[in-house]
Amino acid sequence: MAITSRTIRIGEQSYPYSFGGDCLTEIAEGIAGMAADKLVFVTDDQVLGLYRTVIERLAGDTASITLTHRAGESMKTLSSLTDHMETALRAGITRRSVVVSFGGGVPGNLAGLMANLLFRGVRLVHVPTTTIAAMDSVLSLKQAINSPVGKNHIGTYYAPTAVYADVRLFETLPEAELRSGFCEMAKNCLAIRPAALEPLRAIIASGTLAAPKALTWLLEASIDAKTSVTQDDTFERRAGLVLEYGHTVGHAIEICDHRARGASGITHGGAIAVGMLVAAHISHARGWLSDDEVSAHYEIVAGLGVEPWLPSTVHVADVLGVVEDDNKKGYLDARPGSVPFVLLRSLGRPAMTGNLPLVQVSVQEIREALEVIAQPSPAAPAVGIR
């Protein structure tokens, strides 16, 4: 498969995104062309175990070091960031060095923050090995780690020099991780580009989600949807906030489940998918989404293999406790007992407050929607409304 290159424009920033199948040679040539004095690969133990020889191939003749950590959210901490930067500095990196993230969104975020902080900014390259990273996180300038209070509280905005993706690297992903990225694509369809729902339905029905052709279409569609709302919004603080659809509750579910089960907890995409169901139920309760539109959420989520209810380890009260520390606080005037939320008035049409796709949602509304999906119900995926 020939390599394709797209220019990603986010506000005043732009960078090339090159992707295809069986294109590791082209990726290695692109990295070599940067003439770095040292490459700093940031990955995790699981990815390193699978792709150590690929990392060596990408490094080529350039001196390199590989920084790794146990896979999972425990990597996105200040202690990991400090350890990685100290190791890189002791290894003799300079302003001519390049930080290369190789893995999913977690090492990608850590690498991005590192690159921004080292010498006030060194070059950054992303080589995503997961669908969630390729279709979502690398299509953003946001680089962040978690605080002890919540997810992505400590971060910055920093543009990569380049992004490279070989869809063949996704073939080793567990089924749940493969579908995790498709959940973010489903979010883009439901909240931004409902016209893409039919092609997505066709791919789901065909059972060819892992085929290079399907993955390439999903990459193209993700780029089109995401850049349509970020091209004039560098920091994703205006139109780009619609990308947070499903994330307010989804992040909380992810945090709660990972506290209970560690790395075996729900995937990021799976948590966002369940978060979208909560948002859809709140929108329906307000009279905005129709029964059919909520059912479309369930159809897509179930089609992607996500159980449409809270994980058994996650309790409504715990989710509500995390939601109140969501990182969108401050975009709207503070209102006791309420949280800024992305809701839909119809598919592809977010509810607005001024020029922001956010509205205040009471904790009670969130509680009621969570209780709808708190226990499995055979009817839920079919009809979407209970």
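We now turn to the structure provided with this report. (Residues numbered from 1 in each chain as written. Predicted model: local features only at pLDDT ≥ 70, side-chain atom pairs only at ≥ 80, totals over all residues. Heavy atoms only, no water.)

Counting buried positions along strand E6 (residues 123-128) gives five out of six residues, so the element sits mostly inside the fold. In terms of strand pairing, strand E5 (residues 98-103) meets E6 through six bridges, oriented parallel. If you follow Val-98 over to E6, its bridge partner there is Arg-123. Between the parallel pair E5 and E6, the chain is carried across by helix H4 (residues 105-117), and the sense of this crossover is right-handed. (Buried < 20%, exposed > 50% of the residue type's maximum accessible area, 1.4 Å probe, protein only. Helix = DSSP H or I, 4+ residues; strand = E, 2+ residues; numbered from the N terminus. Pairing = 2+ DSSP bridges. Right-handed = clockwise from strand over helix to strand, strands pointing away.)

Attention shifts here to helix H12 (residues 316-323). In an α-helix, one turn spans 3.6 residues; hence positions three or four apart end up facing the same way. Turning to H12, its buried residues number three or more, namely Val-316, Val-319, Leu-320, Val-322 and Val-323. Along H12, the residues classed as buried sweep out an arc of 165° about the axis, all on the same side. Tucked inside the fold, the buried residues of H12 contact helix H9 (247-261), strand E10 (338-341) and helix H13 (363-372). (Arc of directions from axis to C-beta. Contact = heavy atoms within 4.5 Å.)

As a volume, the second largest pocket reaches approximately 230 Å³. Classifying every residue of the lining of the second largest pocket by side-chain character gives two nonpolar, six polar and five charged. (1 Å grid on protein atoms, 1.4 Å probe; cavity = no way out; pocket = protein on both sides within 12 Å on 5 of 7 lines; lining within 4 Å. Points joined across faces, edges and corners; volume = space filled by probe spheres on them. Nonpolar A, V, L, I, M, F, W, Y, C, P; charged D, E, K, R; others polar.)

The subject of this paragraph is the state of the cysteines. All chains considered together, the criterion is met by zero disulfides. Not engaged in a disulfide, the cysteine Cys-189 finds its nearest cysteine sulfur in Cys-183; these two sulfurs lie 11 Å apart. Relative accessible area serves as the criterion here: at 0%, Cys-189 is assigned to the buried category. With no disulfide of its own, Cys-256 lies 19 Å from the sulfur of Cys-183, the closest cysteine sulfur. (Disulfide = S-S within 2.5 Å.)

For the rest of this paragraph, the subject is unusual backbone geometry. A positive phi angle is found at Ala-35, which is not glycine, with a value near 50°. Since its relative accessible area comes to 48%, Ala-35 is described here as partly exposed. The phi dihedral of Phe-119 is positive, around 55°, even though this residue is not glycine. Residue position: Phe-119 is located in the loop between H4 and E6. We classify Phe-119 as partly exposed; its relative accessible area is 29%.

Turning our attention to the pairing of strand E4 (residues 64-67). Residues Ile-65 and Leu-67 of E4 are buried on one face, while the alternating residues Ser-64 and Thr-66, pointing to the opposite face, are not. Bridge analysis of strand E3 (residues 39-42) against E4 gives four bridges, and the strand direction is parallel. Pairing of Phe-41 across the sheet is with Thr-66, part of E4. Crossover handedness for the path E3 to helix H2 (residues 45-59) to E4: right-handed.

Attention shifts here to the pattern of salt bridges. Inspection of the entire model under this criterion finds 18 salt bridges. Across the pair Lys-187 and Asp-136 runs a salt bridge whose closest N-O atoms are separated by 3.7 Å. A residue pair is termed long-range when its members are at least 10 positions apart, and Lys-187 in helix H6 (residues 175-191) and Asp-136 in helix H5 (residues 131-137) qualify at 51 residues. Taking relative accessible area as the criterion, Lys-187 reaches 2% and is therefore assigned buried. Taking the shortest distance from any N to any O, the salt bridge between Arg-201 and Glu-299 comes out at 2.8 Å. Note that Arg-201 is positioned in helix H7 (residues 197-206) and Glu-299 in helix H11 (residues 291-303), a separation of 98 residues in sequence. A relative accessible area of 39% means that Glu-299 is categorised as partly exposed. Taken together, the shared-partner salt bridges connect Asp-136, Glu-184, Lys-187 and Lys-226 into one network. (Salt bridge = Lys/Arg side-chain N within 4 Å of Asp/Glu carboxyl O.)

Another point: the side chain of Lys-187. In this structure the side chain of Lys-187 is engaged in a polar contact, spanning 2.8 Å, whose partner is the side chain of Glu-184. Dropping the residues within four chain positions of it, Lys-187 is found in contact with Asp-136, Ile-192, Leu-243, Tyr-245, His-247 and Met-276. (Polar contact = N/O pair within 3.5 Å; in protein donor to acceptor, adjacent residues only side chain to side chain.)

A few words now on the environment of Ala-280. Relative to the elements of secondary structure, Ala-280 occurs in helix H10 (residues 268-285). Separated by 81 residues in the primary sequence, Ala-280 and Pro-199 have C-alpha atoms spaced 22 Å apart. Excluding its chain neighbours within four sequence positions, the residues that come into contact with Ala-280 are Tyr-245, Leu-289, Val-294 and His-297.

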